[in-house]
Structures are given as structure tokens and as C-alpha cells.
Amino acid sequence: MSEYDYEALGLVAGLEIHQQLDTATKLFCACPTERREPENAVRTFSRYLHPTTSELGELDEAAVEESRVDREFEYLAFDTTCLVEEDDEPPGRVDDEALDVALQIADLLDMTVVDQAHVMRKIVVDGSNTSGFQRSALIGQDGQIETDAGPVGVEDLLLEEESAGRVAETDAGVRYSLDRLGIPLVEIGTRPDIGTPEQAREAAERIGMLLRSTGTVKRGLGTIRQDVNVSIADGARVEIKGVQALDQIDEIVRLEVRRQVELLDVADELAERDAAVGSPQDVTDVFADTDSGVIRGALDDGGRVQAVPLYGFDGLVGRELQPDRRFGTELSDHAKRHGAGGIFHTDELPAYGVTEAEVGALRETVDAGPEDAVAIVADDPETAELAIDAVAERAQTGIEGVPEETRDATDEGTTRYLRPLPGAARMYPETDVPPVEPDPSDVERPELLTETVERYQSEYGLDAGLAEQVAYGRRMPLFERAVDAGVDATFAAGVLESTLTELRRDGVAVDRLTDEHLLGTLRLVADDDLAKEGVDEVLETLADDPDLDPEAAVEAAGLAGVSEDEVRDAVADVVERNADQVEQEGMGAFSALMGECMGALRGKADGEVVSDALREEIGKRT
Amino acid sequence: MNPGDRVRVERGSVANEGVLMPSTTADHLVVKLPGGYNVGIDREAAAVEVLERDVYDVESAGEDADASTVEFDDDLPTVSLISTGGTIASTVDYRTGAVTAQFDAEDVLRAVPDLAGRANYRGRVVANILSENMTPAVWQDLARAVHEEIEAGADGVVVMHGTDTMQYTASALSFMLETPVPVVFTGSQRSADRPSSDNVMNAVCAVEAATSDRAEVLLCMHASSSDDACALHRATRVRKNHTSRRDAFETVGAKPIGRVDYDDETVTFRRDGPERGATDLAIAPDLETSVELLKFTPGMNPAALDYLDDAAGVVIEGTGLGHVATDWIDRIEELIGAGTTVTMTSQCLEGRVCDRVYDTGRDLLDAGVVEAGDTLPETATAKLMWALANRSDPAAAMRESIAGELQPRSVPWT
Ligand SMILES: [Zn+2]
């Protein structure tokens, strides 16, 4: 597929970046911001949510749609969560540390900090917040970042609470884990100043770098999420949620543009054909004797088959909008939102056990000719009815063009329908938390990671690649501590980046190594209490038994206390054993014997000490 | 420039357009931005331009009519919903920022659509106050209202009440009313303006209890933190034992008397009680309000009792089995001598007072203090108000059980 002319298409994109902060406590309670495994839950409880009217008396469309699905939410609580996460205690005041980090970020994004921040309740009734809303406050406005293609305005900076993590779908609804709920989160929204997929990615990378420069953001999968808003001139604003990887952003934008272009094309074609969506009707009789497994299964469980005639749609339901996603997939997404397993449509039938005769009877029943299409849903009576209405509604918007909506990013860079765009009505004040008056003069501007990379090169002599690896790596603060403690910078960088990576590849559980393990081991080397060659073995020992401290690990690995005399003795032994070779080759035997000496000392001794001793010993004999 | 106006506010390099909201502080303008966020802007530093007046009626937002027209169904029982204010149907006060009750019983139906189809409802507002502002005079108004509703044919009554003092009001009604139908108190611990509010399940379960066959004053609130069942508590044995949890209410000295399962909507009772229709409707609403509850603490100045000199009744929340410091005994004897009824309860809450065991207790009994058995201090207070106004021998009344408040046997596991 050739690249579009994005300027001609009128591409307008914006980013919303959500980043978890690595603060000591949560935003509204004193619980740690620690992630937990579901199996470590200490209690569970279940709740329902009911939408309420907002401050301005309107029910939000997204909230209403969510609540149509009457679901029971189950929550896992831990010894690291409290009643605040359970919505059984009012929230505390806004966490000071989180506010400070947010102000730092506002500074890095050249934003104006608000005089008074009001914590709002953003209605979310999918169960991911026990309260039924997410607490969120506007902290900064009107910032800007630079990209190669020009500046991108930053509209707002929000400080909010992270939602609960989704663990599993249950029979009755969804199970969530409370460990994540309440972790401070900043949301950064750019202006729709982005004009190409590449610029979207670059802007996201730039913001990501600024965030990491604070040194107080969480790292790892799921700790940063990007939402992308995309529209083209005749298309519509589509909000794509949950892009996990930065390097996917350009592809997501590219594919969404393609989807809108294709949808516009479908709409043009439908207009030309004078297409229309008919009324849904029950066509169960058509499938009374069907051998289609899906339909048979639904009917045997007392279900019904509902159909909607799509006049003038023939061939277009099967039109591909994105790789492996057709117009029919869009219809199916809406059916799924209402609990159905999906749809069948005539562009793909006969198939799935549905016969040609059944397709014919179906067309006849709903009065559909060869230029028309028919979509069907088989499910329990209520679900089938809700689902087919949703399909009809989506088909109708297909005639009009691209619907505004919120979509979910898939791993392939495509998207699927999630819910309507949220409206402004979903906010009301969180009266349990008094407004705060942030003081931006309190915070210090951190060194940017781009500056850190340069410093590592000029000050520590790291090469550009290693400097970047360390600066952007999660062990950067540890690296700085090690260098401050007198550890050689290149050596520290090598251990923290390459050595650990190699050990992990060799199956060593390096995740179990704490900062204290690593720092302690590096210091032993700096203090000449451990040979550089012994570092691997000490770290491996510590990973095996994390209760040990580095000194004890040195003992346990048998690397302790090799005096210079012992080194000399061991070297002398080796030279003695190889006396003939030394006599013949002189210093030429050095490298061969060096390996043997190190082996004999099993990494207990520093290489330089050993080589000095060996050189001396060979010298004696020649 | 008034709340509800659409305004443009310039402050430094930032210009915001939005709807002006009421501010809780004098120094800041609060503007609701198009995205829904409120932002506070320094009033002095801001240049404000009103773009359009009264875009929103901020005052009445959330109160828009569109009232549910509920049809009468002959097959359904009639339940009277009586509102006293409180958090079952409350909303945010944008002036103070606090949560206050603003709805009448009609609004409850709108707030809890799930109530539809369970009963025919009659709405009535007795008060619109926060429960900490409740008084014995309102208890009396409420008792009369409940009486009238039952007289007018209600098959059950649900009283919506703030949770802070619900146990006092429910207790008082237990003494003032003899009822042939269930009278069920309910409320919410988490405000009704949040999607997670416990108001929906509590109200639904209360209506289920009010249409059950148990004719007494009950309190219906969450049984646990989960939205799966409400506990039914006997009004005279229940206490709010947590500031914020949904399951804050606990029956003291026993398990809750019953339970309403939310999923299958069944009402079950674990102990016997008066059946629907077994009692004739009667009301005895008089109260002697000159009654105080006094909690004794170590070293407390006996002069605290001087304030009680003219009281008709005093409930003491003593230590342990029902004690106060020895130097209080003479003062208590004087009080009793002057005609005050003094009754003893325990700050242990669990268990029964027994002043026969230690010297101090025996001295208190000699001074004329009346043991209230295992009656809860708050219940004893409401009971003493009622007994002083309705019984010729209030002291004797404090020793007997009138509305299940004094358990004959100590069997807390039942
Ligand atoms: Zn907590």
C-alpha cells in the first residue's frame, strides 16, 4: 500500500499520554504504589455501579452505554491496599510527592501551572474504579514540545489516580485488582498539531524522554499508555486507547487514516447506491433446521436469530478497512459490545455451516435482493435484539461516513470499537478533597536525559551507545549512586547493562537482585575486596539466595580472601607445571598460562595482580 | 458575573473559556472548562469577560423534573417512603462543596429506578436535615408520620435517614410505636452522587424487608463490603461502628436478626419476632427530653454532674461492669435524691452491666442507680426519654425489655 499524502487528507492527530509516577505512596492514601500478583490477594468483595447525573444534570452517553450492561465487579484487595481503594473510606489529601513530580513535568513541558487545582470525579462505570469515577485534577495548561516537523502544543497536564487492573472476565462481570488503583498518574494531552504518523511517534518519544528525566516515573509494561486522537478532513475524531508501545504509534495513525479513507469510500458508494438500513426482524424460522454450529448452539439454548437487511450494501460489508478488519468487523464489534458473540453477514455466506438455501431463505424473509446484504445475530433473545439494533445503528452511520468514537488498539496496530466518545458531562467536583494551590517555584528542573547522555560521555568517558543505554535504562539512578561511591563508571555501566543482560540470558534470576545487592557488589570491586572477574559469580549467588548480602555472597562463592602471596604461590605452581613451555616460548607462553592461572584462582583474584605475578614469574625463568 | 455565566478569563498568557461555577474561596474564580475540568483562577490577577449570561442554571442542576410517573398496581403492596434527609438521595452543594440532602421521596424513585415494580410507593418528607442535626422533636414528627402512613394503609414503611444518628431515631421509634407492619430504616454510607453508592442496594433491600412479614422497627444496611446482601438489625440493638464502611452498622451482643439477599431478593430471619398484623397500631410519642448521656473517663471532674442538676434523667456510660470513680458516688446520690433517674450502661458496649460484683458498683446501687442490663448507651438514652414521659415507674422500665433492647440471655453467638 502506498503512503497517503497526509497533508492533502487533512490529517490532524493529538496524543494523550498516561504515565504512572513512582512515588512512595498513592495519590489519595498512604498505601505503597506496589504492583501485586492476583494470587496474593487477601480478600475479595463485589460491587455494582449505577450511573448518576453530573453536576450539570446530564447523563453521559458513554456512562449510560456502559451501565446498560448490568455487571457485577469483583475486586481483589491486598495487604498493600486499604479502605480508600475499596471506596469504603473518603480519600486523603493530594499526595505531596505526586504533586511535586507533576509540577516538575509541567515545567519540562513549558506549561503554566493553575492557581488552584480542583480534583474532579470523571465518571467511569466499567468497574475499573471502585467509586465509579476517576479522580483527576488539571495542573498545567498551554505548554509546548519541539519535534523535527515543528512545535506541538501541549494542551493540558492532569494529575489523576490510576484505575484498578483488569484481572479476568467472570461469569457475572469483571474481576479487578486493587493494587494499581490510586497510583498517581499524569495525563498529558497535546494539541491536535500533529500532521504525520512520524511526527506522532516523535512527539510521543519526546514526551516520554521528558517524563523519564524526572526519575520518578514507573517503568515497565503498562506503566505508560498512549492514546492517539486521529481525524482526517472528511472523517471524524477517533480516540484510540491503550497503545502500549511507542514504536506502534506511527503505524496506528497510518492504519486509522486508512480506515477513515476506506469508510469514506464506502459511504460514497452507499450514497451512490441510495443505500438504506431496514428494520431488524426475527428470522429464527429460517434456521429451524440449521447445521451451523454457532446458530444451532444458540437455538438449542432457547436463543433467537435476529436479522437486519442492509439495502444496497452487497459486497461492501466485506470491504477491508484495515488488515484483517472489514466493514463487517465494525458491525460485529457493536454486536459484541452488547454481549453477542458476533455477526454473520451475506458477504461471507454461505459459510460456517450456513447453507446456500438458508441464505436464500434469509434474503427472501427480510426482502433483500442481490444488491443488498443481510447481517444476523444468533443469541439469547434479549442479547440478539440488543445486538442487532446496535448493528443496524452502526450500519446507518456507515452511510453517513466515519462515526466519532473511542477505539481500542490491538497488538497488530489496528483498532476495534470500544465505546462512544466521552462527553464533557462526565465530570463533577470531588468534594471530599479540598482544592490545592500548587507552588511551581518549589520544584527544581531535573537534568534532561538527553543532557545526561552527553554528561556520561564527557564526564565519564562512556561511549555514546552505552551512555544512552544507561541514561534511559531503569538502573540509571543506581549507576549514579555507584559512581558517587567511587566505582569506575565504565565498569559500573558494563555490569548494570551488559553483565546483567548476559546473566539473564543464562537463566539467572536477575530480577531478584536488589539495588543494594548490585551497589554492594560494585563497591566490593571498587574497594579491591573482589576481583572484577568474580562479579558474575557473586551476582549469580545473590540471585540464587537474595537473603545474602554481597560480602556473604563472596564467601559463599568461595571468592573471599586471596592474598597477594596466595596469588604468587598459585602462579608459581602453574609456571612450574609448565616449565618446559616457559623455557621454550618465554613470554610467548604468557597468554596460555594466564588463562590457567585465572582458572586455578577461580576468579578470586584480580586479573592485573595475576598478570603482574605471572610476568614476574616467567621473567625469573628466562 | 454570576455562577452559570459563560465567561472568558485571561490570566497571564493563558485564556480560559468556560462556565463560571460557585467558588468555595473568596480569592479564586472557579471556571468549568469545556472538557469538564474545574480550575481555580486567582481573582485579582484575572481579567474576566462575560460571554453569555445564565448558560446553566447551576442552582437547580441535577434537580430537573422529568419525574417518574409510577402507576398503581393492585397486586403490589404499598410502601411508604419517608425521607428525613441524609445520604440515600443527596447531592453536592456547590456553595459549600459538601454533600447535602436535597431530594424528596419522589426523587428517590428517580435516583433508584430499581425500586420500580416492587411496591406501590407513597412519598413523604418529614424533614430535610443532616442526621447530626436530628432532634427528639423530629423523632416525634417522624413517629406521627409513620403512624399516619400505616393508618392510611401502608403495608410497610421505609424511613430514609442519615447514618450518623440513625440508631437513635430508630430506637426512639421502637419505643414510641406499636406497629403491625415493618418499619425499616435505611440510608447510605457512601454518598448517592457516586455510581458506587450503597444507596441503591440498601433502598431495594429495605423495600423488600418492608414488604416482609416481620412487624418491628428494623435497620437495613450493607451486611459486608460487598453489594450482595443487607443485614437486618433490630433497631434497639444496632450501632454505627465505623465512620465510613458500607457495613458500618452492627448488631451488638447478637448476630443481625435477619438478612436480605440482593441477588435473589429473599428476606430471611434467624430469630423470632412479631409477625405482620400481630400487633394493633398504637403510638405513644411523648418524650421527656431533659435526658443526657454522660461518658465517664478516668479523673473526670465530678463537676460535670453539676450541669445535670435539673435533668429528669441521666444515662451514664460507665467503665467495665458499670462503674464511675468513687468520688462521684455522693454527687450521684444527690442527683437521684433530687429526683433525677440515673441509669447505668457500659462503655464496653458488649456485655451487661453488673454492679453487684465490686464495692463501687454496690455503692452505686445503694445510691439508687438503675442498671440498664445490656441495653446500649444510645438506646438507653432514647428509652429513658420515653420511659420518663410514658411510664409511672421509669426505673422499673429501664430494667425490663420493651422493644427488644434488653436481652434476657447473654448469647452473643445467636
Ligand atoms: Zn490505600
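Keep in mind the model is a prediction, meaning the values are calculated, not measured. Position numbers for residues count from 1 along each chain, tracking the sequence in the order it is written. Chains carry letters and ligands carry numbers; both start at the beginning, A for chains and 1 for ligands, and go up in the order they are written. This being a predicted model, a pLDDT of at least 70 is required before a residue's local features are given, and a value of 80 or more before pairs of side-chain atoms are given or counted; all residues contribute to the totals for chains, interfaces and linings.

A. Here's a closer look at the overall build of chain B. Broken down by element type, chain B carries 8 helices and 23 strands. Seen through its principal axes, chain B has C-alpha atoms that stretch 80 × 60 × 35 Å. In this scheme every C-beta is placed from the backbone, and a residue whose C-beta has 20 or more other C-beta atoms within 10 Å is buried, one with 12 or fewer is exposed, and one in between is partly exposed. Each of the 414 residues in chain B was classed as buried or not, and the buried ones make up 50%. For chain B, restricting intrachain contacts to residue pairs at least 6 apart in sequence, the fraction spanning at least 24 positions comes to 69%. What counts as a helix is a DSSP run of H or I of at least four residues, what counts as a strand is a run of E of at least two, and both are numbered from the N terminus. The contact criterion used here is simple: two residues whose C-beta atoms, placed from the backbone, lie within 7 Å are in contact.

B. Region of the structure containing the domain arrangement of chain A. Note that the domain bounds reflect an automated or database-derived domain assignment. With domains assigned, chain A is organised as domain 1 (6–237), domain 2 (274–401), domain 3 (449–556) and domain 4 (564–621). Taking only C-alpha atoms into account, the centre of domain 2 of chain A sits 60 Å from that of domain 3 of chain A.

C. Just the interface of chain A and chain B, in detail. Counting residues at the interface gives 40 residues for chain A, matched by 36 residues for chain B. Breaking the side of chain A that touches chain B down by element, the ones donating at least two residues are strand E2 (43–47), strand E6 (119–123), strand E7 (133–145) and strand E23 (427–429) of chain A. Top element by residues in the side of chain A that touches chain B is E7 of chain A. It accounts for 4 residues. Tallied by class, residues from the side of chain A that touches chain B come to 18 nonpolar, 13 polar and 9 charged. Classification used: nonpolar for Ala, Val, Leu, Ile, Met, Phe, Trp, Tyr, Cys and Pro, charged for Asp, Glu, Lys and Arg, polar for all others including Gly.

D. Representation of helix H11 (residues 464–472) of chain A in the model. Regarding H11 of chain A, the residues found buried are Leu-466, Ala-467, Gln-469, Val-470 and Ala-471 of chain A. Those residues of H11 of chain A that are buried are in contact with helix H10 (449–460), helix H12 (476–484) and helix H13 (489–505) of chain A.

E. Broad picture of the sheet that holds strand E23 (residues 370–371) of chain B. In space, the 4 strands of this open sheet follow the order E20-E21-E22-E23 (chain B), with parallel pairing throughout. Where the open sheet ends on each side, the last strands, each with one partner, are strand E20 (291–295) and E23 of chain B. Two strands form a pair only when DSSP identifies at least two bridges running between them.

F. Examining the UniProt feature "domain: Asparaginase/glutaminase C-terminal" (unreviewed entry) in chain B more closely. UniProt positions are given in the numbering used here, feature names are shortened, and annotations may be inferred rather than shown by experiment. What UniProt calls "domain: Asparaginase/glutaminase C-terminal" (unreviewed entry) maps, in this numbering, to residues 291–396 of chain B. Secondary structure content for residues 291–396 of chain B is 33% helix and 18% strand, while the C-alpha to C-alpha distance between its ends is 17 Å.

G. Local environment of the packing of H12 of chain A against helix H14 (residues 515–526) of chain A. Residues and elements named next belong to chain A. Relative to each other, H12 and H14 sit at 30°, their axes nearing to 10 Å. The angle between the axes of H12 and H14 places the two elements in the roughly parallel class. The two elements H12 and H14 cross, and the hand of that crossing is right-handed. Of H14, the residues touching H12 (which contributes Leu-478, Arg-481 and Ala-482) are Asp-515, Leu-518, Leu-519 and Leu-522. Grouping the amino acids of the contact of H12 with H14 by side-chain chemistry returns 5 nonpolar, no polar and 2 charged. All axes are obtained by fitting lines to C-alpha atoms, using only the stretch in contact for helices, and the reported angles, taken between N-to-C directions, cover 0 to 180 degrees. Under this scheme an angle from 65 to 115 degrees is roughly perpendicular, one under 35 degrees roughly parallel, and one over 145 degrees roughly antiparallel; angles in between are oblique. Crossing chirality is assigned from the near helix's rotation relative to the far helix, an anticlockwise turn below a right angle marking it left-handed and a clockwise turn marking it right-handed.

H. Structural view of the UniProt feature "active site" (unreviewed entry) in chain B. Residue and element names in this part refer to chain B. Residues annotated in UniProt with the feature "active site" (unreviewed entry) correspond here to Thr-87, Thr-163, Asp-164 and Lys-240. Relative to the helices and strands, Lys-240 is located in strand E15 (residues 238–240). According to the C-beta neighbour criterion, Lys-240 is buried, with 21 such atoms within 10 Å.

I. Molecular detail of helix H7 (residues 327–337) of chain A. All names here are of chain A. In terms of burial, H7 is largely enclosed, as 10 of its 11 residues are buried. Among all positions in H7, only Phe-327, Gly-328, Thr-329, Glu-330, Leu-331, Ser-332, Asp-333, His-334, Ala-335 and Arg-337 are buried. Of the residues flanking the end of H7, it is Gly-339, one or two places downstream, whose phi is positive at about 95°.

J. A look at the environment of Val-119 of chain A. Position of Val-119 of chain A among the secondary structure elements: in strand E6. Beyond its immediate sequence surroundings of up to four residues, Val-119 of chain A is in contact with Val-94, Arg-135, Ala-137, Glu-430 and Val-433 of chain A.

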